[in-house]
Structure formats: C-alpha cells, structure tokens
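Residue strings, one per chain:
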Amino acid sequence: MRTSNVNQQTATNFSRKARIAGTVLLSSFFLVGMTSCEDEDDDPIVDSYNQQDRNFAISSSENINAQIMFGQLALDNGEDDSVIDYATMLVSENTESRTELEGIVNGTDVDISDGVTDAMQAKYDELALLSGEDFDMEFIDFQLETLDDSMPIYENEEANGENFTLKGFAEKTLGKIKDHKEDAVLVKAEIEIEGI
C-alpha cells in the first residue's frame, strides 16, 4: 500500500511539473508573438487601394489576358513540340493568375480589364498570319521581348502599391514571369538547334 502511495504521489508531482512547464512554454510563445507584433519595422497590413494599385490591376489583367491569347494562338499555329509545351504552360499558368486576380478584386471598387492593349492586339494580328516554323520563331522572340517589358509592371506594384494582397500577387506573378522567360530562352535555343 505504501509503495502505491509513493508512486501515485510521484506521478502527481510529475503531472503538476509538466503542467507548469507547459504553461511557462505557452506564455513564452505568447510573449514572443506579442513582441514581434509590436516591431515597428513590420509593414502594416493595408487593405485599401491607392491609384498605383488600381493602375496595376488594369495593366496586369491586360498583360495576363494577352499571354493567354498568345498561348492559345501558339497552340493553333505552332509546330515545334517545345513551343506547344510552352504555350500549354502559358495558358494554364496565366489562367490561374487571372482567376487569382479576379478573386482579389472581387467585391471591391477596383477594376480589371477583359481585353488587351492596342499594341498587343496588333502583334497578335501579325502573328496570326504565320504558322509552322515561321510562327514558332516569331512567337518565341516576341515572348522574350514581352516578358522583359512586363516585369516593370509587377516591380512597380511591389515598390509603390498600397494593398498588401495585390503586392503579394505582384511578387508571385513576377516570379512566374521570370520562370517563363527562362523557359522561353530554352525553347528558342531548341528551335535554333533544330533549324540547323
């Protein structure tokens, strides 16, 4: 009987110490969390939209729409497998970006575009007249140019935008654009090698 009481008392003491240790640990996590929230260097979470955000939403949506449109054209007019694969990726990833952007501005007074710029439409009309190898090279050259031209849209939003969600979207999309450019460089190299 006496041994049982000793074991029970030891178990109770251990359980009590474990609860105290858990409480101390939980309190320290809470205090660290509170301290990090009070850090003056943290960017405030801003859910409003400045003029830069509004301009970005229009420019970004026009850019994304153009990439979807050119990707679909490449699926129709392209010949090289690497161009077809690239175009498939272009349509898929830009459709995802379009859906994400729509979700961000849904329910706000921020507008996005359903169209493309006049310059993009003119280039589309020009490329639509080509097919096969001629199309492949013109398309991939244009991709390299347009990807370079579109990067500042996203960089400017990261630097000057106010809305934290749009800024996050800009950062994510800029990463995709950089990846697309790397892919386009590889596609161009493959087309050139096959053309030799």
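Residues numbered from 1 in each chain as written. Predicted model: local features only at pLDDT ≥ 70, side-chain atom pairs only at ≥ 80, totals over all residues. Heavy atoms only, no water.

Asks: Just to check I follow, could you spell out the packing of aromatic side chains for this structure?
Replies: Each pair of aromatic rings is reported with the distance of its centres and the angle of its planes. Tallying each qualifying case throughout the model produces six aromatic pairs. Connected via pairs of aromatic rings, a cluster forms that spans Phe56, Tyr154 and Phe169. (Phe/Tyr/Trp six-rings, centres within 6.5 Å; stacked < 30°, edge-to-face > 60°.)

Asks: Which parts of the structure should I look at to understand the side chain of Asp53?
Replies: Within the secondary structure layout, Asp53 lies in helix 2 (residues 51–77). Summary of buried charges: Asp53 has no salt-bridge partner, and the nearest side chain of opposite charge, Lys167, is 7.1 Å away. Within the structure, the side chain of Asp53 is placed 3.0 Å from the backbone nitrogen of Glu162, a separation counted as a polar contact. Setting aside residues no more than four positions away along its own chain, Asp53 makes contact with Ser48, Glu157, Gly161, Glu162, Asn163 and Leu166. (Helix = DSSP H or I, 4+ residues; strand = E, 2+ residues; numbered from the N terminus. Buried < 20%, exposed > 50% of the residue type's maximum accessible area, 1.4 Å probe, protein only. Lys, Arg positive; Asp, Glu negative; His and termini not counted. Salt bridge = Lys/Arg side-chain N within 4 Å of Asp/Glu carboxyl O. Polar contact = N/O pair within 3.5 Å; in protein donor to acceptor, adjacent residues only side chain to side chain. Contact = heavy atoms within 4.5 Å.)

Asks: Quick question: what am I supposed to make of empty space enclosed by the protein here?
Replies: Empty space among the atoms becomes apparent when a probe as large as a water molecule is rolled across them. Across all of its chains, the model carries one cavity of 30 Å³ or more by this definition. In this structure, the largest cavity spans a volume of roughly 80 Å³. Contributing to the lining of the largest cavity are 13 residues, with Asn63, Gln67, Asn94, Ile177 and His180 lying nearest its centre. Going through the elements one at a time, helix 2, helix 3 (81–105), helix 5 (132–160) and helix 6 (164–195) are the ones with two or more residues in the lining of the largest cavity. Residue composition of the lining of the largest cavity, by class: four nonpolar, eight polar and one charged. (1 Å grid on protein atoms, 1.4 Å probe; cavity = no way out; pocket = protein on both sides within 12 Å on 5 of 7 lines; lining within 4 Å. Points joined across faces, edges and corners; volume = space filled by probe spheres on them. Nonpolar A, V, L, I, M, F, W, Y, C, P; charged D, E, K, R; others polar.)

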